[in-house]
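Given next are the chains, with one letter for each unit.
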Amino acid sequence: MTEILSSQVVSGLATGCVYALIALGFVLIFKATDVVNFAQGEFVMVSGFISYTLLIGLGIHYGLVLLATIVLSGVMGVVLERVVVRPIMDAPIFSIVIATIGASIVLRSSAGILYGYDVLPLPTIFSKDPIRVGFVQFTAMDAGVIGFSLVIMVALYLFFKLTRTGTAMRATAQSQTAARLMGVSVTRIFSLTWAISAAIGGVAGVLIAPIIYLDPNLGFIGVKAFAGAILGGFGSIPGAIVGGMLLGVIENLSGYFFNAGIKQVSTYILLILVLVIRPAGLFGAAPIRKV
Amino acid sequence: MKRLLTIVGLLVLLGGVAVCAAEDGVTDKEVVIGAGLDLTGAVANWGVNIKAGMDAVFSRVNAAGGVHGRKIRLIAYDHVYQPPKAVTNAKRLVERDKIFVMMGHLGTPTTKAVMDYLQDKQVPNIFPATLASIWTNSGKYHVGDLATYADQTGLIVDYLVKERKIRKIASFYQDDEYGLDGHLAGKARLKHTHDLAYVAEVDYKRADIDFSSQAAKLKESGADAVIVQAVYREPPRLAEQCHAIGYNPVFIGPSPIVVAKTIELGGKHVEGLMGVEVYPLPTDPGAFLDQYRADMAKYAPSLPIDTTNLYGYQKAAVFVEAMQRAGRNLTRDSVLKAIESIKDWDPGWGLKYGYGGDNRRGMSNAGRLVTVKDGKWIKVGDWMELKEVGRK
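All of these numbers come straight from a predicted model, not from anything done at the bench.

What counts and what doesn't
Each residue is numbered by its place in its chain's sequence as written, counting from 1. Here every chain gets a letter starting at A, and every ligand a number starting at 1, in the order they are written. Given that this is a predicted model, residues contribute local features only at a pLDDT of at least 70 and side-chain atom pairs are listed and counted only at 80 or more, while totals for whole chains, interfaces and linings are drawn from all residues. Heavy atoms from the whole structure form the basis of all side-chain values; hydrogens and water molecules are not counted. For the purposes of this entry, the term helix denotes a DSSP run of H or I that reaches at least four residues, the term strand denotes a run of E that reaches at least two, and both are numbered from the N terminus. All radius of gyration figures rest on C-alpha atoms, and the globule criterion is 2.2 Å times the number of residues raised to 0.38. A simple rule labels every residue: compare its accessible area, found with a 1.4 Å probe on the protein chains alone, to the largest value its type can have, and call it buried under 20%, exposed over 50%, or partly exposed in between. Residue contacts follow a heavy-atom distance rule, with two residues in contact if any of their heavy atoms lie within 4.5 Å. To measure how exposed things are, a 1.4 Å probe is used in the Shrake-Rupley method; for residues, cover is taken only from the protein chains shown. Take the residue count of a helix, subtract one, and multiply by 1.5 Å to get its expected span. Salt bridges, as used here, are contacts in which a Lys or Arg side-chain nitrogen is within 4 Å of a carboxyl oxygen on Asp or Glu. Buried area counts how much accessible surface, traced with a 1.4 Å probe, disappears from two parts once they are put together, with both parts' losses summed. N or O atoms within 3.5 Å of each other form a polar contact, as long as, within protein, one can give a hydrogen and the other can take it, and as long as residues adjacent in sequence are counted only when both atoms are side-chain atoms. Here the nonpolar group is Ala, Val, Leu, Ile, Met, Phe, Trp, Tyr, Cys and Pro; Asp, Glu, Lys and Arg are the charged ones; every other residue, Gly included, is treated as polar. Only buried residues count toward a nonpolar core. Its members are Ala, Val, Leu, Ile, Met, Phe, Trp, Tyr and Cys residues joined through side-chain atoms within 4.5 Å. Here the bounds of each domain stem from an automatic or database domain assignment.

**Notes on the overall build of chain B**
Working step 1: Along chain B, the regular secondary structure elements total twelve helices and 13 strands.
Working step 2: Rg of the C-alpha trace for chain B: 22 Å, near the compact-globule value of 21 Å for 392 residues, within the 12% margin.
Working step 3: For chain B, the spread of C-alpha atoms along the three principal axes comes to 90 × 40 × 35 Å.
Working step 4: The buried share among the 392 residues of chain B stands at 62%.
Working step 5: When contacts within chain B are restricted to residue pairs at least 6 apart in sequence, long-range pairs at least 24 apart make up 69% of them.
Working step 6: Accessible area for chain B stands at about 15,000 Å²; split by element, carbon and sulfur atoms hold 54% of it.

**A closer look at helix α3 (residues 62-85) of chain A**
Working step 1: For α3 of chain A, with 24 residues, the first-to-last C-alpha span of 33 Å sits near the 34 Å given by 1.5 Å per residue.
Working step 2: Residues Y62, V65, L66, T69, S73, G74, M76, G77, L80, E81 and V85 of chain A constitute the buried set of α3 of chain A.

**A look at the pattern of salt bridges**
Residue and element names in this part refer to chain B.
Working step 1: Inspection of the entire model under this criterion finds 34 salt bridges over all chains.
Working step 2: Between D55 and K51 there is a salt bridge, with its nearest N and O atoms 3.0 Å apart. In this pair, D55 and K51 are both assigned in helix α2 (residues 44-63), four residues apart and thus about one turn of the helix distant.
Working step 3: For D55, a relative accessible area of 26% puts it in the partly exposed group.
Working step 4: Between R360 and E388 there is a salt bridge, and its shortest N-O distance comes to 3.8 Å.

**Remarks on the interface of chain B and chain A**
Interfaces are frequently sized by the accessible area removed from exposure as the parts join.
Working step 1: Taken together, the contacts link 32 residues of chain B with 31 residues of chain A.
Working step 2: Contact between chain B and chain A buries roughly 2,600 Å² in total, counting both sides, with carbon and sulfur atoms accounting for 50%.
Working step 3: Linking chain B to chain A there are five salt bridges.
Working step 4: Of the charged contacts in the structure, one is a salt bridge between D129 of chain A and K268 of chain B, with a shortest N-O distance of 3.0 Å.
Working step 5: Taken together, the connections running from chain B to chain A amount to 14 residue pairs in polar contact (both at pLDDT 80 or more).
Working step 6: For the side of chain B that touches chain A, the secondary structure elements donating two or more residues are α2, β7 (200-204), α7 (212-221), α8 (234-244) and α9 (260-266) of chain B.
Working step 7: No other element matches α7 of chain B, which puts seven residues into the side of chain B that touches chain A.
Working step 8: Looking at the side of chain B that touches chain A residue by residue, the class counts come to ten nonpolar, nine polar and 13 charged.

**Description of the nonpolar core**
Working step 1: Counting residues in each nonpolar core, the largest one holds 170 residues, and the members touching the most others are W46, F58, L160, Y279, F319 and Y353 of chain B.
Working step 2: The element contributing the most residues to this core is helix α8 (residues 186-212) of chain A, with 13 residues.
Working step 3: Domain assignment of the residues forming this core places at least three in each of domain 1 (30-147 + 284-361) and domain 2 (149-277 + 369-385) of chain B.
Working step 4: Judged by nonpolar contacts, the second largest core, of 27 residues, contains F172, V202, L218 and F251 of chain B.

Shown next as structure tokens:
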């Protein structure tokens with residue numbers, strides 16, 4: 001029983017880490033620009049196809065593919081911001097959100113036209129054979145996904161805490177006007193934020209596509225990650241990470257204790273419960289309004 | 001004047017009657033056939049290939065002048081394996097495109113969603129691309145073709161219990177009309193014939209792709225064999241996740257898992273996976289299969305030969321045979337009667353088609369076991385007539 005439960009938790013954490021990465025992408029863009037980017041899931045899907053093309057089509061070494069995918073995903077984020085978001089930056093937020101939904105549909109359909117709608121297996125360097133540590137059983141794949149995600153998260157933390165650009169990004173998130181007055185180029189920060197978010201989505205894609213297979217509908221995983229971000233408190237970076245991981249574990253455990261139907265809705269039941277008890281999410285700060 | 005009006009009125013009425021008498025979708029030069037398929041969703045591999053297989057037959061027939069002077073035109077819409085979209089598409093096909101019959105409609109839940117509608121409109125539902133037993137026992141407007149999931153599961157259960165001496169059998173099934181057909185039939189077969197019961201019954205939802213909790217439950221049940229009432233994405237993923245927790249039962253399932261895609265996705269994790277085949281493999285010998293391979297090379301050169309497109313191909317071939325038999329006077333009734341007249345007909349691959357009768361509106365009940373060996377599907381048993389297995 002404990003043996004099975006612990007494997008459930010580990011494999012849930014692996015999926016949860018991927019949710020967390022995607023949720024991070026949502027939160028970073030939201031914090032910096034107040035936009036909820038519904039094309040975040042599509043970054044995951046597109047990066048999957050990029051690495052598929054590089055690996056299978058061009059036969060490039062896995063390490064290089066990983067690096068190239070992250071860079072190309074970042075570029076895609078910048079392009080998307082320039083082409084779709086920036087021209088309508090002064091429009092109401094709602095219009096921008098709709099524009100990101102439009103972008104996601106375009107990306108999804110383009111992938112379908114280029115690659116077809118069939119599922120494709122994406123190779124990975126992590127083995128799916130079982131490993132045993134004490135009584136916990138998991139795969140190298142699980143461990144790899146968790147490890148790699150943690151590295152990315154720590155790197156991001158250090159970037160925001162220690163670098164000048166990171167500080168400028170945090171400043172912009174707090175007050176665009178003040179940041180501008182301090183000599184921060186806010187438009188450059190916006191581009192950078194989109195690049196980082198898309199690159200993190202790219203990492204998530206390379207990690208998750210070998211597990212749940214690659215197809216143009218892969219981006220719908222973004223919906224679950226979005227729920228994870230809200231669970232943690234939308235706008236909170238630790239919240240996105242904890243929310244995403246929690247989601248992965250809860251999904252697995254509810255599937256184990258109940259059935260597939262409950263597993264499917266468990267995310268949303270939990271989400272509603274959390275929002276009823278703590279409207280700002282687990283880590284979100286309650287909004288303070290001056291009267 | 002009044003007389004003239006009466007005559008005109010009568011003519012209009014007669015004209016109206018004459019127009020009504022001609023069937024929708026049939027003109028002197030053309031027959032329009034409709035299909036609802038999944039071209040972009042969770043079982044798109046089946047949908048795209050079934051369409052290509054049917055198109056290959058129709059293209060060859062049309063190039064040779066059509067059937068009794070009528071060219072066949074197939075209109076296919078994408079329902080994304082979602083029942084509500086299947087209904088919209090069926091209405092569009094019947095009411096706007098005026099199809100003659102629905103053919104090769106893909107998916108059990110999606111075809112069940114349009115079942116009543118087609119019946120109300122009296123549009124025959126010919127050889128839907130679902131082998132659920134419901135199509136063989138739902139009356140005049142539905143005709144299935146090959147051995148049903150229920151009957152296939154009967155074969156699976158008998159094989160596991162009698163030949164492999166396995167008594168701990170679990171069921172992993174898609175929680176809808178598709179998965180339930182084989183799941184319930186297997187349960188009935190275990191109980192009535194072998195006095196056994198499933199040691200675990202574990203479900204999943206259409207388009208789910210994470211089965212770690214299902215794998216855990218199956219492992220805990222201690223089942224030595226798991227019957228997978230699934231399509232091609234699930235068996236590799238389930239096998240992977242079972243192997244990840246050190247659990248290696250026999251995996252075996254009905255015909256929808258017997259496709260090359262299952263092996264492409266699963267790699268070494270699906271070695272030893274077993275399935276039921278209800279028509280020959282695309283690489284088998286036979287005049288009909290030679291023609292199939294030639295037609296696919298000519299009309300769908302981008303697709304490799306595969307059980308999926310062969311499935312659509314054989315449906316279209318049997319349907320063309322029925323239209324030949326129906327003659328020049330093509331109506332929905334005449335084509336249904338022609339299908340019912342097919343007995344002991346072999347298109348040239350050793351598998352005989354014969355209408356089963358009003359209690360079993362299907363064309364073949366043959367099946368055999370296959371398995372994955374060295375990354376290929378190979379046969380392990382010989383063809384046999386499957387016994388009919390009820391769901392109760």
